[in-house]
Amino acid sequence: TNKSHSMEETAAMRASMEQLMFRFGVDLVFHGHVHAYERTLPVYREQVHECGPVYISIGDGGNREGPADRWLNPQPTWSDFREASFGFGMLEVQGDESATWRWYRNIDGDGVLPAEEVVFRRKLGCQV
C-alpha cells in the first residue's frame, strides 16, 4: 500500500500471479524494492481471505533517500502492519507445520528487539 513506486507494476504482477499462488496454497510471499516494511493479513483479490497468502514487503534494508513514507490512506483492511523505517527480518521454520517471522527495526545505537513477531501455521481446509 506504499505509493512511493508505481502501483501499475503491482497490479500487473497481481494479475499474472495471484490466482496461481492461491490455487497452490502459497502461505507467505516476500518481496522488496519499496524502502519500507509492510505485512498483510491473508489476502486474495484485495480482500481478507483465510486461504490467501500473507505478503511481506521487506525492502527496508536502507536507502540514501530515506524510508518510503507515502502510504495509501485510509489503510486497507487487509494491510495489518506497515512502517516507513529501516530494518530486517528473520524467518524461523519449525518443521512443515509452522514458522515464526520476526521483523527488527534498525535504530542505530539502540538494542535490537523484534518490533513485530508473527507465528504462521499450516492452513487447514484450503484448496490445494
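Our structure is the block above this text.
These numbers were taken from a predicted model, which means no experiment stands behind them.

Visitor: Would you mind going over the environment of Ser-16 with me for this structure?
Guide: Locating Ser-16 in the fold gives a position in helix H1 (residues 7–23). Along the primary structure Ser-16 and Glu-83 are separated by 67 residues, whereas in three dimensions their C-alpha atoms are 27 Å apart. At a separation of 3.1 Å, a polar atom in the side chain of Ser-16 contacts the main-chain carbonyl oxygen of Met-13.

Visitor: Please explain the pattern of salt bridges as it appears in this structure.
Guide: Proximity of charged atoms lets side chains of opposite charge pair with each other. Taken as a whole, this structure holds six salt bridges when the rule is applied. Among the salt bridges present, the one from Glu-46 reaches Arg-14, with a minimum N-O distance of 3.2 Å. Taken together, the positions of Glu-46 in the loop between strand S3 (43–44) and strand S4 (47–48) and Arg-14 in helix H1 put the pair 32 residues apart, joining distant regions of the chain. Relative accessible area serves as the criterion here: at 31%, Arg-14 is assigned to the partly exposed category.

Visitor: Explain the layout of surface pockets to me, please; I cannot follow it from the model alone.
Guide: Rolled over the atoms, a probe as big as a water molecule pinpoints where empty space is left. Each pocket or cavity is described by its volume, and for the second largest pocket that value is around 240 Å³. Along the wall of the second largest pocket there are 16 residues; nearest its centre are Asp-27, Ala-99, Phe-120, Arg-121 and Arg-122. Listing elements by their share of the lining of the second largest pocket, those giving two or more residues are strand S7 (87–94), strand S8 (98–105) and strand S9 (114–121). No other element matches S9, which puts three residues into the lining of the second largest pocket. Per-class residue counts for the lining of the second largest pocket are eight nonpolar, two polar and six charged.

Visitor: I'm lost on the packing of aromatic side chains in this one. Help?
Guide: How two aromatic rings sit relative to each other is given by the distance of their centres and the angle of their planes. Taken as a whole and judged by the stated rule, the model has six aromatic pairs. Their ring planes at 5° and their centres at 4.2 Å tell us that Tyr-37 and Trp-103 sit as a pair that is stacked. On the criterion of sequence distance, the pair formed by Tyr-37 in strand S2 (residues 37–40) and Trp-103 in strand S8 is long-range, its members being 66 residues apart. Note on accessibility: Tyr-37 and Trp-103 belong to one class, buried. Feature note: the residues Tyr-37, Phe-81 and Trp-103 constitute an aromatic cluster, connected by ring pairs.

Visitor: Looking at this model, I keep getting lost on the nonpolar core. Mind explaining?
Guide: Soluble globular proteins tend to bury their nonpolar side chains together. Judged by nonpolar contacts, Tyr-37, Val-54, Ile-56, Trp-101, Trp-103, Val-118 and Phe-120 together constitute the single largest core of seven residues. Aside from chain neighbours lying at most four places away, what touches Tyr-37 is Ile-56, Ser-57, Ile-58, Asp-60, Trp-71, Phe-81, Arg-82, Glu-83, Trp-101, Trp-103 and Glu-116. With five residues, the next largest nonpolar core counts Met-21, Val-29, Val-43 and Tyr-55 among its residues.

Here is what the cut-offs are and how they apply
- Residues numbered from 1 in each chain as written.
- Predicted model: local features only at pLDDT ≥ 70, side-chain atom pairs only at ≥ 80, totals over all residues.
- Heavy atoms only, no water.
- Helix = DSSP H or I, 4+ residues; strand = E, 2+ residues; numbered from the N terminus.
- Polar contact = N/O pair within 3.5 Å; in protein donor to acceptor, adjacent residues only side chain to side chain.
- Salt bridge = Lys/Arg side-chain N within 4 Å of Asp/Glu carboxyl O.
- Buried < 20%, exposed > 50% of the residue type's maximum accessible area, 1.4 Å probe, protein only.
- 1 Å grid on protein atoms, 1.4 Å probe; cavity = no way out; pocket = protein on both sides within 12 Å on 5 of 7 lines; lining within 4 Å.
- Points joined across faces, edges and corners; volume = space filled by probe spheres on them.
- Nonpolar A, V, L, I, M, F, W, Y, C, P; charged D, E, K, R; others polar.
- Phe/Tyr/Trp six-rings, centres within 6.5 Å; stacked < 30°, edge-to-face > 60°.
- Core = buried A, V, L, I, M, F, W, Y, C linked by side-chain atoms within 4.5 Å.
- Contact = heavy atoms within 4.5 Å.

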